[in-house]
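# Observations on chain architecture
So the chains spell out like this:
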Amino acid sequence: MVMQQRTLNLLAALLLFVIHWQSMAHCRTDVVSSFNVLHYLFELHLNDFTDKIEGKASVFVHVVCTEEKFTLDLNNFSPSTGKGMQVDEVTVNEKISAFDHQNNRLDIFSKGGFKQGDTVKIVVKYSGVPADGLIISENKFGNRTFFADNWPNRAHFWIPCVDHPSDKATVEFWVFAPNKYQVIANGSQMEETDLEDGFRLTRWSETKPVSTKIMVIGVAQFAVLNNGIVEGTSVSTWVFPENRQDGFSEYAVGTKPLAFFSKLIGPFGYSKLAHVQSKTRYGGMENAGAVFYAESTVNGRADDELLMAHETAHQWFGDAVTERNWHHLWLSEGFATYLTLVYLKEIAGDSLYRQRLIASRKAVNRYEGKKSAPVIDTTVTNYNELLNANTYQKGAWFLHMLNHELGDSLFFESLRLYYLIYRDSTALTKDFQHVVEMVSQKNWNSFFHQWLFRSGHPKLKTEWSQNGNLLKMNIMQKQLGDPFFFPLTLKFVYTDGRLQIETVNISEQLTQLRFKVCADVKEVIYDPDISLLFETTF
Ligand SMILES: [Zn+2]
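Procedures and definitions
- Residues numbered from 1 in each chain as written.
- Predicted model: local features only at pLDDT ≥ 70, side-chain atom pairs only at ≥ 80, totals over all residues.
- Heavy atoms only, no water.
- Helix = DSSP H or I, 4+ residues; strand = E, 2+ residues; numbered from the N terminus.
- Buried < 20%, exposed > 50% of the residue type's maximum accessible area, 1.4 Å probe, protein only.
- Lys, Arg positive; Asp, Glu negative; His and termini not counted.
- Salt bridge = Lys/Arg side-chain N within 4 Å of Asp/Glu carboxyl O.
- Polar contact = N/O pair within 3.5 Å; in protein donor to acceptor, adjacent residues only side chain to side chain.
- Phe/Tyr/Trp six-rings, centres within 6.5 Å; stacked < 30°, edge-to-face > 60°.
- Axes fitted to C-alpha atoms, helices over the stretch in contact; angles between N-to-C directions.
- Parallel < 35°, antiparallel > 145°, perpendicular 65-115°, else oblique.
- Left-handed = near helix turned anticlockwise from the far one by under 90°.
- Contact = heavy atoms within 4.5 Å.
- Nonpolar A, V, L, I, M, F, W, Y, C, P; charged D, E, K, R; others polar.
- Pairing = 2+ DSSP bridges.
- Domains from an automatic or database assignment.
- Buried area = accessible area lost by both parts, 1.4 Å probe.

## Notes on unusual backbone geometry
Of the consecutive residues Trp151 and Pro152, the connecting peptide bond is found in the cis state with omega at -5 degrees. Relative to the elements of secondary structure, Pro152 occurs in the loop between β10 (144–148) and β11 (169–178). The backbone of Asn93 sits at a positive phi, close to 50 degrees, despite the residue not being glycine. Here Asn93 is to be found in the loop between β4 (84–92) and β5 (95–96). With a phi close to 65 degrees, Asn104 is a non-glycine residue in the positive phi region. Note that Asn104 resides in the loop between β6 (99–102) and β7 (105–114). Its relative accessible area of 30% is what places Asn104 among the partly exposed residues.

## So, the side chain of Arg454
Tracing the sequence through the fold places Arg454 in the loop between α10 (445–453) and β23 (459–467). Asp482 is the oppositely charged side chain nearest to the buried, salt-bridge-free Arg454, at an N-O distance of 5.5 Å. A polar contact is formed between the side chain of Arg454 and the backbone oxygen of Leu480, at a distance of 3.4 Å.

## What to know about the packing of aromatic side chains
This structure, assessed with the given rule, holds 41 aromatic pairs. Geometrically, the ring pair formed by Phe317 and Tyr419 is edge-to-face, given 6.2 Å between the ring centres and 70 degrees between the ring planes. With Phe317 in the loop between α4 (305–316) and β21 (321–323) and Tyr419 in helix α8 (residues 408–422), this pair connects stretches of sequence that are 102 residues apart. A relative accessible area of 2% places Tyr419 in the buried class. Their ring planes at 55 degrees and their centres at 6.0 Å tell us that Phe432 and Phe448 sit as a pair that is tilted. Of this pair, Phe432 sits in helix α9 (residues 429–440) while Phe448 sits in helix α10, and the two are 16 residues apart along the sequence. On the basis of relative accessibility, which here comes to 0%, the residue Phe448 falls in the buried class. Here the aromatic residues Phe317, Trp330, Phe335, Phe398, Tyr418, Tyr419, Tyr422, Phe432, Trp444, Phe447 and Phe448 are joined through ring pairs into a cluster of three or more.

## As for the packing of α8 against α9
Their axes nearest at 9 Å, the elements α8 and α9 cross at an angle of 130 degrees. Judged by the angle between their axes, α8 and α9 are oblique. Considering how the two elements wind past one another, α8 and α9 form a crossing that is right-handed. Between α8, through Leu410, Glu413, Ser414, Leu415, Leu417, Tyr418, Ile421 and Tyr422, and α9, the contact on the second element is made entirely by Asp431, Phe432, Val435, Val436, Met438, Val439 and Ser440. Tallied by class, the residues present in the contact of α8 with α9 amount to 11 nonpolar, 2 polar and 2 charged.

## Let's talk about the environment of Ala288
Within the secondary structure layout, Ala288 lies in the loop between β19 (284–285) and β20 (290–294). Residue Ala288 is classed as buried on the basis of its relative accessible area of 0%. It is 37 Å that separates the C-alpha atoms of Ala288 and Pro458, two residues lying 170 residues apart in sequence. In this view, Ala288 contacts Asn186, Val210, Ile214, Tyr270, Gln315 and Asp319; residues no more than four positions away in its chain are not counted.

## Focus: the sheet that holds strand β1 (residues 35–45)
Taken in spatial order, the 8 strands make up an open sheet running β5-β4-β8-β2-β1-β11-β14-β13, and their pairing is mixed. On the outer flanks of this sheet lie β5 and β13 (188–194), each paired with one strand and no other. Sheet topology note: the β1/strand β2 (residues 53–63) ladder contains 10 bridges and is antiparallel. From the neighbouring strand, Glu43 faces β2, where its bridge partner is Lys56.

## Describing the domain arrangement of the chain
Domains assigned within the chain are domain 1 (33–136 + 144–214), domain 2 (222–316), domain 3 (326–453) and domain 4 (459–536). In this structure, domain 1 and domain 2 have C-alpha centres spaced 26 Å apart. Each side of the interface is counted separately: domain 1 has 21 residues, and domain 2 has 22 residues. Together domain 1 and domain 2 conceal approximately 1800 Å² of surface at their shared face, both sides included; 59% is due to carbon and sulfur atoms.

## With respect to the environment of Lys168
Position of Lys168 relative to the elements: it lies in the loop between β10 and β11. Relative accessible area serves as the criterion here: at 8%, Lys168 is assigned to the buried category. Linking Lys168 and Glu508, residues 340 residues apart in sequence, is a C-alpha distance of 45 Å. Sequence-distant contacts of Lys168, defined by excluding residues within four places in its chain, comprise Asn36, Val37, Pro209, Val210, Ser211, Asp319, Ala320, Val321, Thr322, Asp424, Ser425 and Thr426.

## A word on the pattern of salt bridges
Counting across every chain of the model gives 24 salt bridges. Here Arg324 ties to Asp431 by a salt bridge, and the two come within 3.2 Å at their closest N and O atoms. With a gap of 107 residues between them, Arg324 in the loop between β21 and α5 (330–348) and Asp431 in helix α9 connect regions that are remote in the sequence. Take Arg324: its relative accessible area is 14%, and that puts it in the buried class.

Shown next, in the form of structure tokens:
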């Protein structure tokens, strides 16, 4: 019976997904975008004499709604800095087309407009010194390197694209670079050919649609190690040659989270997984199939395992299943943060896991003291500000509490189904909620709302007294706004060491409780299982 119900749920979910996909493919007044990019092919010429790059972008676009113009994001040339991109020519279906490049937007016009239902090929020839996005610099050994670092929407500093996570597309990179360099990118390597002029052409192709935030190339002198096949996925390590010994050794642990998450969530979404020492500004950046790590992560300390687990978890959540809108970033970072804790529990046991949960809860409490905002904060316009404790730790704590309510079985079934349905696509929080509701056969609207869409968390003032066998307790919610509702576990510790566990449902500003106890209580421990996001106050 359970299996049959599960099968029905699964079919219903897939059907809903197909209906959703079909509705997106038709022109309606509420459609988000009139265009859907299907595929990018970027030809990029790099050299050692100048930071100027020459590019040719072929963009294959499905026209969802008839429009006069199609717009790509592309950083403009700035005379004051000498950086930015200049467009030399644009064609639409091989015909020279008019374009207007202003305010980092490239408007492209087609004679007769873009007709609903058509698929068009747009080619943009451009050149310039990237002001950002493609970091051309020296690594810590003084050697020249080129590393893309796109998050959140910095891809348009070096490639013309729809620089928003809602529009995922397959991508090819054809990189022409001096032949002393090796090139890593998303997908599978299709070609590596030495050319006559001291340059080498390297082609990579990603056949799964990905968002621009994780479309990358890395061009440098690398030492490359094949780490073998893990759960069907080819793993490799790319480090600077000077760090060959330490890098190969330290990044080798990256195979473990790949195996763990493949078994826990579902098959890995890409053709290979490369762990790459790079010049990313972040500690790690979860580029699809080619995770870039800060160059300082190779340091002889072998302390990269949890970072690698976090970036690897992103391959499922953030990369394969992508938040459709920046404000739902917790679907990426909250998931990666929580799954890293789950991984930690697997490798290190319960004690460290609990320590990390407590530390995360403190981080949320501290952040809330500085800025009271919901996890899904639609007021943020500078997306870097979304890299905060709400997105990471509170997002993780939300999943932890959901797991506590559902139990491991239903919780991970929800994650697996969510991945199955939205893999290679995009999702919003309501989509994840819908999956949880299908799996659990229960309405989670209030739960999602109070933890993700409103600010704050319970701030509890507690007091208790004992008179014989009667223990009286008051629990007051002191945070601003309506009271939260939540189960609270209490552990009574008797003077003789015995324990009594009680769980109560709290939903009022003031909850008055009475407990029958059988000896003198010396201490009450609130939330002994570390399963509630709250803080105590006076
Ligand atoms: Zn992350």
